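# Close look at the chain arrangement
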Amino acid sequence: MSSDDELAERLRAGDETALRVAYERHGSAVLYLAQRLLGNRADSEDVTQMTFVAAWTGRDSFDPQRGTMLGWLLGIARRKAVDRLRSASREQRTTETVQAQQTAPDTDETPERIVDRLVVADELGRLPDEQRRTLELAFFDDLTHPQIATVTGLPLGTVKSHIRRGMANLRRRWEVDGATFGSRSAGPSRAL
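First, a word on scope: everything that follows refers to the structure included in this document. Here the structure is a predicted model, which means the values were calculated and not measured.

### Description of unusual backbone geometry
Even without a glycine there, the phi angle at D142 is positive, about 55°. Among the secondary structure elements, D142 is positioned in the loop between α6 (129–139) and α7 (145–152). Overall, D142 belongs to the exposed group, its relative accessible area being 64%.

### Structural notes on the packing of helix α3 (residues 41–57) against helix α4 (residues 69–101)
Contact geometry for α3 and α4: axes closest at 9 Å, N-to-C directions at 130°. As judged from the angle between their axes, α3 and α4 are oblique. Relative to α4, the crossing made by α3 is right-handed. For the pair α3 and α4, the contacting residues are D43, D46, V47, M50, T51, F52, A54 and A55 in the first and W72, L73, I76, A77, K80, A81 and R84 in the second. Per-class residue counts for the contact of α3 with α4 are 10 nonpolar, one polar and four charged.

### Concerning the pattern of salt bridges
For the structure shown, the criterion picks out eight salt bridges. Where R84 meets D43, a salt bridge forms, and the shortest distance between an N and an O atom there is 2.9 Å. Taken together, the residues R84 in helix α4 and D43 in helix α3 connect sequence positions 41 residues apart. Salt-bridge contacts for D129 lead to R132; the nearest nitrogen and oxygen are separated by 3.2 Å. Within this pair, D129 and its partner R132 are both found in helix α6, separated by three residues, close to a single helical turn. Judged by relative accessible area, which is 53%, D129 ranks as exposed. Residue R132 is classed as partly exposed on the basis of its relative accessible area, which comes to 23%.

### Structural notes on the packing of aromatic side chains
For the coordinates displayed, the defined rule picks out two aromatic pairs. Relative to F52, the ring of Y23 lies with its centre 5.1 Å away and its plane at 80°, an arrangement referred to as edge-to-face. Linking Y23 in helix α2 (residues 16–38) with F52 in helix α3, this pair joins segments that are 29 residues apart in sequence. Take Y23: its relative accessible area is 45%, and that puts it in the partly exposed class. Ring geometry for F62 and W72: centres 5.0 Å apart, planes at 50°, overall tilted. Of this pair, F62 sits in the loop between α3 and α4 while W72 sits in helix α4, placing them 10 residues apart in sequence. A relative accessible area of 15% places W72 in the buried class.

Scoring rules and cut-offs
Residues numbered from 1 in each chain as written. Predicted model: local features only at pLDDT ≥ 70, side-chain atom pairs only at ≥ 80, totals over all residues. Heavy atoms only, no water. Helix = DSSP H or I, 4+ residues; strand = E, 2+ residues; numbered from the N terminus. Buried < 20%, exposed > 50% of the residue type's maximum accessible area, 1.4 Å probe, protein only. Axes fitted to C-alpha atoms, helices over the stretch in contact; angles between N-to-C directions. Parallel < 35°, antiparallel > 145°, perpendicular 65-115°, else oblique. Left-handed = near helix turned anticlockwise from the far one by under 90°. Contact = heavy atoms within 4.5 Å. Nonpolar A, V, L, I, M, F, W, Y, C, P; charged D, E, K, R; others polar. Salt bridge = Lys/Arg side-chain N within 4 Å of Asp/Glu carboxyl O. Phe/Tyr/Trp six-rings, centres within 6.5 Å; stacked < 30°, edge-to-face > 60°.

This is the structure in structure tokens:
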């Protein structure tokens with residue numbers, strides 16, 4: 001019986017020291033394969049660790065009649081590396097999709113318009129939560145008053161009152177601060 005056969009028996013029997021010996025004996029080969037497949041040291045080390053964890057949890061599946069322990073470990077490592085490549089590919093596609101959906105900044109934005117938007121955002125942040133939420137639903141989500149009542153669970157009259165009071169607060173702030181030079185006449189809806 002070879003030392004790998006003995007090691008396999010000990011591993012299948014649940015001997016934790018056998019896992020350590022298997023790692024010491026075959027860990028460098030597993031790491032080398034992972035690095036060749038992934039080209040990244042950190043990912044290769046992760047795959048090596050996952051390989052030995054999978055070997056431990058699936059130790060009953062090793063059959064010395066079908067191949068060597070090294071071959072079994074390299075097979076696990078190859079599958080783990082392929083999984084990592086697929087995961088990275090999915091992440092890359094997701095990132096590209098999100099980046100493609102982001103709108104390009106408006107190059108026609110004047111400094112005054114940017115200040116207007118900041119003033120509106122600041123004032124919205126100062127409103128009571130229910131008033132702010134109803135205004136956001138009305139102007140940003142483009143919901144009708146009955147739809148806002150349904151979403152928030154508030155009575156329709158309360159929704160209308162929150163929107164009216166919130167708009168009055170925004171208008172008051174706009175008039176007090178003078179908002180930005182030349183934009184007072186545009187009203188708060190321009191920045192929304």
